[in-house]
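Chain and residue survey
Chain residues, written in single-letter form:
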Amino acid sequence: MGWRGTLRSVNAAMRAAEREAQRRYKQEQKEAIAADAAQAVDDWEEHIRNLVTIHTSLSDTVDWHSVAHLGEPQKPNKCTRHREKLAPAMKNFKPHFFDKLFGGTEKRKQKLINSFLQAKERDTEEDQKALEKYRSDYAEWVSDNAMARKLLAGDPEAMKEVVAEMQSLSAEDRIGSYIEFRFAQGIVHAIAEVHTDEVVPDFRRKQLASGRLSETKMPVGEFNELYQDYVASVALKVAGDLFQILPLGEVHVTCRTNMLDSQTGHMRPTPILSVKFVRETFASLNLEHIDPSDSLRNFVHQMDFKRTKGFEAIQPILPIT
């Protein structure tokens, strides 16, 4: 093959390699686009799922009845275990035959006495630690017992103190901006400032057969129902947490959000849902499988909602002004 033929072969091989590289690049781009689309769909679905399942994760429960009837901690017994290990050796100490020959009796005896004194020091140290722990446990028992009895009697100040300790009730980003609590004898009214409907995406996402991402406008009815479920889920979450940490038979929850006041033309916090939750009924719910909005039918509640328009302002069951 002449030099021209060699060049033609080289050029053909280069063009083939370039075509293969372009093919691989297009395939990689297609796969990357598909992967990005799949991730975008997953993120959208997870966000929707999180909005309507806020109520499925509740605080740990506190059994105040058990706390109120828990016996006081017992004072620790004197520690003697280190000395007791050496007691037989002290009691049964006898000079050895060779001790008499070489004068080692006093040395062995003094060594045993020194070990006994060290054991006594260790017993004293453990006594001190046990006493300090007892004092701490006793002080905690006195405090918890007093708190439990106040709560069981419906003391508002005691309820306020417990709720103040539960930062998770107001620190949950998905719930909204903050929660205000009002306390009366045996009653807690939680007023949650929930997010506006902007928390719900107004679009749908799906992945096409080609692997590309498709975003379409969400129908108004579906959008409004998702927001309704979000608000109901917040109400259930707040009530559930309160039932977990307080010995209450019922809890009132009012959800409000910023809405346009047609009289003033300004946005203002507006009540959109008010529920009187009863412990026994709430405890019977399977929170993992309920529809948040549908579950409100189990409780006395105020809600003015239309699928085509969304929420309207309501008068809460308990006044908030």
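Per chain, the residues get numbers from 1 upward, laid out in the order the sequence is written. Two thresholds apply to this predicted model, a pLDDT of at least 70 for residue-level local features and 80 or more for giving and counting side-chain atom pairs, whereas whole-chain, interface and lining totals are computed over all residues. Hydrogens and water molecules were not included; the side-chain quantities draw on all heavy atoms of the structure.

So, the pattern of salt bridges
Close approach of charged atoms allows side chains of opposite charge to pair. A pair is scored as a salt bridge if a Lys or Arg side-chain nitrogen falls within 4 Å of a carboxyl oxygen belonging to Asp or Glu. Taken as a whole and judged by the stated rule, the model has 14 salt bridges. With a closest N to O distance of 2.9 Å, Glu225 and Arg307 form a salt bridge. You can see Glu225 sitting in helix H8 (residues 220-245) and its partner Arg307 sitting in the loop between strand S8 (304-306) and strand S9 (310-312), a full 82 residues away along the chain. With a relative accessible area of 46%, Arg307 lands in the partly exposed category. Between Glu250 and Lys276 there is a salt bridge, and its shortest N-O distance comes to 3.8 Å. Placement of Glu250 in strand S5 (residues 250-261) and of Lys276 in strand S6 (residues 266-278) is noted, with a sequence separation of 26 residues between them. Secondary structure elements are taken from DSSP: a helix is a run of H or I of four residues or more, a strand is a run of E of two residues or more, and numbering for both begins at the N terminus. With a 1.4 Å probe rolled over the protein chains alone, any residue whose accessible area is under 20% of its type maximum counts as buried; one over 50% counts as exposed, and the rest are partly exposed.

Thoughts on the sheet that holds strand S2 (residues 187-193)
A sheet is described by the order of its strands in space; here 5 strands give the open sequence S1-S2-S5-S6-S7, paired in mixed fashion. Lying at the two open borders of the sheet, with one neighbouring strand each, are strand S1 (178-184) and strand S7 (300-302). Pairs of neighbouring strands in the sheet enclose a mean axial angle of 20 degrees, with direction left out of account. The pairing criterion for strands is at least two bridges between them, as found by DSSP. Sheet topology note: the S1/S2 ladder contains 7 bridges and is antiparallel. When the sheet's bridge partners are listed, Phe181 is paired in S2 with Ala190. The contact criterion used throughout is that any non-hydrogen atoms of two residues lie within 4.5 Å. Interaxial angle, 0 to 180 degrees, is taken between N-to-C directions of lines fitted to C-alpha atoms, where a helix line uses only the stretch in contact. On the sheet, helix H6 (residues 156-165) packs against S1 and S2 and is oriented at approximately 160 degrees with respect to S1. Each of S1, S2, S5 and S6 is contacted by H8, which is oriented at about 145 degrees to S5, the strand it contacts most.

Description of the pairing of S5
Each regular strand shows side chains that alternate between the opposite faces of the sheet. Sheet topology places S2 next to S5; 5 bridges connect them, and they run parallel. By the bridge assignment, Ala190 is partnered in S5 with Val253. As judged from the 12 bridges shared by S5 and S6, these two strands associate in the antiparallel manner. Paired with Val251 across the bridge in S6 is Phe277. Adjacent in sequence and paired antiparallel, S5 and S6 are bridged by 4 residues, among which Gly265 carries a positive phi angle near 80 degrees.

What about the side chain of Arg256?
With respect to the helices and strands, Arg256 occurs in strand S5. Each residue touching Arg256, except ones within four places of it in the same chain, is listed here: Tyr178, Glu180, Ile191, Ala192, Glu193, Val194, Pro269, Thr270, Pro271, Ile272 and Ile320.

What to know about the nonpolar core
Among buried residues, those of type Ala, Val, Leu, Ile, Met, Phe, Trp, Tyr and Cys that are joined through side-chain atoms within 4.5 Å constitute a nonpolar core. With 54 residues, the main nonpolar core has Leu246 and Phe277 as its most contacted residues. Per element, the largest residue contribution to this core is 14 residues, and it comes from H8. The residues contacting Phe277, other than those within four sequence positions of it, are Ala235, Leu236, Ala239, Phe243, Gly249, Glu250, Val251, Val253, Phe282, Leu296 and Phe299.

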